[in-house]
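Structural overview for review
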Amino acid sequence: MLRFFAALLMLSCAMSINADPVFSVEDSKIRQPMPGRTVTAGYLILHNHSSEMATLVAASSSQFARVELHQHTHKDGMMRMEQISEINIDADGSVAFEPGGLHLMLFEPKDKLEIGQQIPLTLEFADGQQLAFTVPVVATPKR
């Protein structure tokens, strides 16, 4: 009986090691804050490889006091930025976080951010799953 449970445990570990990831990220970046600023933006493409819709509900980083989900909208002829509580990602779909659209707002960096530095970031989903990865710091584009 003990051998049966040991074999079952080894099989379940092997299956989880070989399982494809449910989520992946590409083209991620965090802009270096402008001088004197304590807020910046993060961008990425988030892929949902599952056969079910997923809902992103939060993001966090040990290098920032807080991270919020944001979007740009047009209201009264003006472009506005607003915090949102969730972002749905279709089954086998992707969502782009980009300037002028969905993005991450990162507040109060704990240290000065240097171009090329890798920042840890964790995305949290409504079903309890998390995706941890690192994001490079890039220069803020000149306007």
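Here, the structure is the one placed above.
The sections below set out a description of the structure shown in this document. What you see is a predicted model, and the numbers here were worked out from it, not measured in a lab.

Rules used in this analysis
- Residues numbered from 1 in each chain as written.
- Predicted model: local features only at pLDDT ≥ 70, side-chain atom pairs only at ≥ 80, totals over all residues.
- Heavy atoms only, no water.
- Salt bridge = Lys/Arg side-chain N within 4 Å of Asp/Glu carboxyl O.
- Buried < 20%, exposed > 50% of the residue type's maximum accessible area, 1.4 Å probe, protein only.
- Helix = DSSP H or I, 4+ residues; strand = E, 2+ residues; numbered from the N terminus.
- Pairing = 2+ DSSP bridges.
- Phe/Tyr/Trp six-rings, centres within 6.5 Å; stacked < 30°, edge-to-face > 60°.
- Lys NZ or Arg CZ within 6 Å of the ring centre and 35° of its normal.
- Core = buried A, V, L, I, M, F, W, Y, C linked by side-chain atoms within 4.5 Å.
- Contact = heavy atoms within 4.5 Å.
- Polar contact = N/O pair within 3.5 Å; in protein donor to acceptor, adjacent residues only side chain to side chain.

Moving on to the pattern of salt bridges. One pass over the structure, following the stated rule, counts 4 salt bridges. Across the salt bridge formed by Arg-66 and Glu-68, the nearest N and O atoms sit 2.9 Å from each other. The exposure class of Arg-66 is partly exposed, given its relative accessible area of 37%. When its relative accessible area of 13% is taken as the criterion, Glu-68 is described as buried.

Attention shifts here to the pairing of strand S7 (residues 94–97). The alternating pattern of S7 places Val-95 and Phe-97 on a buried face, while none of Ser-94 and Ala-96, on the opposite face, is buried. Both strand S2 (residues 39–48) and S7 contribute to a ladder of 4 bridges, which runs antiparallel. If you follow His-47 over to S7, its bridge partner there is Ser-94.

As a further point, take unusual backbone geometry. Trans is the common state for peptide bonds, and a negative phi is the common state for residues other than glycine. The phi dihedral of Asp-76 is positive, around 55°, even though this residue is not glycine. Turning to its location among the elements, Asp-76 is positioned in the loop between strand S4 (64–75) and strand S5 (78–83). Taking the relative accessible area as the measure of exposure, Asp-76 reaches 74% and is therefore exposed. One non-glycine residue, Glu-108, lies in the positive phi region at around 55°. Within the secondary structure, Glu-108 is located in strand S8 (residues 103–109).

On to the packing of aromatic side chains, then. Aromatic ring pairs are defined here through the distance separating the ring centres and the angle between the ring planes. All told, the structure shown has 1 aromatic pair when counted by the stated rule. Centroid distance Phe-23 to Phe-125: 3.8 Å. Interplanar angle 0°. Geometry classified as stacked. Here Phe-23 is found in strand S1 (residues 23–31), whereas its partner Phe-125 is found in strand S9 (residues 118–125), with 102 residues between them in sequence. The class for Phe-125 is buried, based on a relative accessible area of 4%. Across from the ring centre of Phe-107, 3.9 Å away, lies the NZ or CZ of Arg-66, which sits over that ring.

Another point: the environment of Leu-56. Tracing the backbone shows Leu-56 in strand S3 (residues 54–60). Assessed through its relative accessible area of 0%, Leu-56 is described here as buried. Spatially, the C-alpha atom of Leu-56 lies 6.2 Å from that of Ala-126, the residues being 70 residues apart in sequence.

Further remarks concern the nonpolar core. One finds Leu-46, Leu-56, Phe-97, Leu-104 and Phe-125 to be the most contacted residues of the largest nonpolar core, which totals 27 residues. In this structure Leu-46 touches Phe-23, Ser-24, Val-25, Leu-56, Ile-89, Gly-93, Ser-94, Val-95, Phe-97, Leu-123, Phe-125 and Leu-131, once residues within four positions along its chain are discounted.

The next point concerns the side chain of Thr-40. The residue Thr-40 is located in strand S2 in this model. Thr-40 gets classed as buried once you look at its relative accessible area, which sits at 6%. There is a polar contact of 2.4 Å between the side chain of Thr-40 and the backbone oxygen of Arg-31. The residues touching Thr-40, leaving out its near neighbours within four places in the chain, are Ile-30, Arg-31, Gln-32, Pro-33, Phe-64, Leu-104, Met-105 and Leu-106.

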